[in-house]
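# Notes for the structure review
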Amino acid sequence: MIKNIVFDFGGVIVDIDRDKAVQAFIELGLADADTRLDKYHQTGIFQELEEGKLSADEFRKQLGNLCGRELTMEETKQAWLGFFNEVDLRKLDYILELRKSYRVYVLSNTNPFVMSWACSSDFSSRKMPLNAYCDKLYLSYQLGHTKPAPEIFDFMIKDCNIIPSETLFVDDGASNIQIGKKLGFETFQPENGTDWREELTSILKIIEPTRDNQIYAAKEGRL
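Here's what I pulled together on the structure shown here. All of these numbers come straight from a predicted model, not from anything done at the bench. Starting from 1, residues in each chain are numbered consecutively following that chain's sequence as written. Local features in this predicted model are restricted to residues whose pLDDT is 70 or higher, and side-chain atom pairs enter the listing and the counts only when it is 80 or higher, whereas totals over whole chains, interfaces and linings include all residues. Excluded from the side-chain calculations are hydrogens and water; all other atoms, namely the structure's heavy atoms, are used.

Let's shift gears to helix H4 (residues 56-67). Here H4 spans 16 Å end to end across twelve residues, near enough to the 16 Å set by a 1.5 Å rise per residue. Among the residues of H4, those classed as buried are Ala-56, Phe-59, Arg-60, Leu-63, Gly-64 and Cys-67. Buried positions in H4, seen along its axis, are confined to an arc of 135° and lie on one side of it. Starting at the N terminus, helices and strands are each numbered in turn, a helix being any DSSP run of H or I of at least four residues and a strand any DSSP run of E of at least two. A helix is expected to span 1.5 Å multiplied by its residue count minus one. Relative accessibility under 20% of the residue-type maximum defines a buried residue, over 50% an exposed one, and the middle range a partly exposed one, all with a 1.4 Å probe and only protein chains included. The directions from the helix axis to the C-beta atoms are what the arc is built from.

Laid out in structure tokens, this is it:
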């Protein structure tokens with residue numbers, strides 16, 4: 001029986017636009033942004049930020065050195081937010097519906113700039129922060145590891161006392177899904193930019209065909 005659902009943030013809950021983010025960092029003055037930014041796994045100071053090895057202010061200073069000028073925290077934050085398109089309220093409502101039957105967690109490679117937005121009333125037009133939609137957030141920069149490192153999964157498993165075989169892991173990254181399967185999770189890999197609600201509902205039906213769950217009867221657009 002599935003008792004838990006673990007969602008990735010960028011690329012699943014919120015769609016990612018890497019090209020827009022690259023352009024935002026280029027406008028800051030980072031000429032080689034296209035070689036530094038990745039949809040799934042960062043490198044250099046971007047990776048160090050997401051692993052918690054650099055604080056937000058340390059990152060801002062080092063990024064400013066690369067850009068050849070001093071940057072403010074706000075313009076650095078806005079460049080990071082270039083990764084994200086408008087939040088799809090249908091997905092958020094769907095996740096709230098899932099919480100009636102499952103424990104819901106977020107496991108994300110992310111950083112304090114992104115989370116200062118996501119965990120605020122500015123996150124969506126509903127004025128509800130990301131953490132209002134889940135039981136707990138597991139964030140790479142706070143835990144010191146990024147997916148697909150098994151350590152970040154192990155921490156989550158122990159901290160919320162979940163059993164992988166009772167958990168559906170939803171992530172758009174192939175390497176993350178691979179380690180999830182290795183650790184014993186049920187997995188679903190939606191494509192970034194898609195409305196995955198109907199497919200996730202179908203997967204839950206297949207995994208638990210006899211479970212009396214109102215999410216199974218929901219029609220697309222109702223949630």
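On to the packing of helix H6 (residues 89-98) against helix H11 (residues 197-207), then. Interhelical geometry of H6 versus H11 gives an angle of 20° and a closest axis separation of 11 Å. Overall, the two elements H6 and H11 adopt an arrangement that is roughly parallel. Along its contact with H6, which presents Arg-90, Lys-91, Tyr-94 and Leu-98, the element H11 presents Arg-197, Leu-200, Thr-201 and Leu-204. For the contact of H6 with H11, the residue count by class is four nonpolar, one polar and three charged. Only the stretch in contact is used when a helix axis is fitted, and all axes are lines through C-alpha atoms; the angle between N-to-C directions ranges over 0 to 180 degrees. Oblique is the label for every angle not falling under 35 degrees (roughly parallel), over 145 degrees (roughly antiparallel), or within 65 to 115 degrees (roughly perpendicular). Here a residue-residue contact requires only that any non-hydrogen atoms of the pair lie within 4.5 Å. Any residue outside Ala, Val, Leu, Ile, Met, Phe, Trp, Tyr, Cys, Pro, Asp, Glu, Lys and Arg is labelled polar, Gly included; the first ten of those are nonpolar and the last four are charged.

Turning to the packing of H4 against helix H5 (residues 73-80), a few remarks are in order. Two elements in contact, H4 and H5, have axes whose closest approach is 10 Å; the angle formed by their N-to-C orientations is 90°. Of the possible angle classes, the one that applies to H4 and H5 is roughly perpendicular. From H4, Ala-56, Asp-57, Phe-59, Arg-60 and Leu-63 reach across to H5, where they touch Met-73, Thr-76 and Trp-80. In terms of residue class, the contact of H4 with H5 is built from five nonpolar, one polar and two charged.

What follows deals with the sheet that holds strand S2 (residues 103-108). The strand order across the open sheet built from five strands is S3-S2-S1-S4-S5, with neighbouring strands paired in parallel fashion. For this open sheet the edge positions go to strand S3 (136-139) and strand S5 (186-188), each flanked by a neighbour on one side alone. Each adjacent strand pair in this sheet contributes to an overall mean axis angle of 20°, direction not counted. Any two strands are treated as partners once DSSP identifies two or more bridges connecting them. As paired elements, strand S4 (residues 167-170) and S5 share three bridges and run parallel to each other. Counterpart to Phe-169 in the pairing with S5 is Thr-187. The strands touched by helix H10 (residues 174-182) within the sheet are S4 and S5, with S5 carrying the most contacts at an inclination of about 165°.

On to the nonpolar core, then. Definition of nonpolar core: a set of buried residues of the types Ala, Val, Leu, Ile, Met, Phe, Trp, Tyr and Cys, connected through side-chain atoms within 4.5 Å. Core analysis: the largest hydrophobic core is formed by 56 residues, its most contacted members being Phe-7, Phe-9, Phe-25, Leu-63 and Leu-200. Beyond its immediate chain neighbours, meaning those up to four positions away, Phe-7 contacts Val-12, Ile-13, Ile-95, Leu-98, Val-104, Tyr-105, Val-106, Leu-107, Val-170, Trp-196 and Leu-200.

For the peptide bond that leads from Lys-147 to Pro-148, omega is 10°, which places it in the cis range. By the secondary structure assignment, Pro-148 is in the loop between helix H8 (140-143) and helix H9 (150-159). A positive phi angle is found at Lys-127, which is not glycine, with a value near 65°. Turning to its location among the elements, Lys-127 is positioned in the loop between helix H7 (112-118) and S3. In this structure, Asn-161 is a non-glycine residue whose phi angle is positive, near 55°. Examined against the element boundaries, Asn-161 turns out to sit in the loop between H9 and S4.

Moving on, we get to the packing of aromatic side chains. Aromatic pairing here means that ring centres of Phe, Tyr or Trp (its six-membered ring) are within 6.5 Å. Orientation follows from the plane angle: under 30 degrees is stacked, over 60 is edge-to-face, and everything else is tilted. Following the criterion strictly, the structure yields 20 aromatic pairs and no others. Plain terms: the ring middles of Phe-25 and Trp-80 are 5.6 Å apart, the flat faces sit at 85° to each other, and that makes the pair edge-to-face. Within this pair, whereas Phe-25 is found in helix H1 (residues 18-28), its partner Trp-80 is found in helix H5, the two being separated by 55 residues in sequence. Each member of the pair, Phe-25 as well as Trp-80, is classed as buried. An aromatic cluster of three or more residues is present, and its members are Phe-9, Phe-25, Phe-46, Phe-59, Trp-80, Phe-83, Phe-84, Phe-113, Trp-117 and Phe-123.

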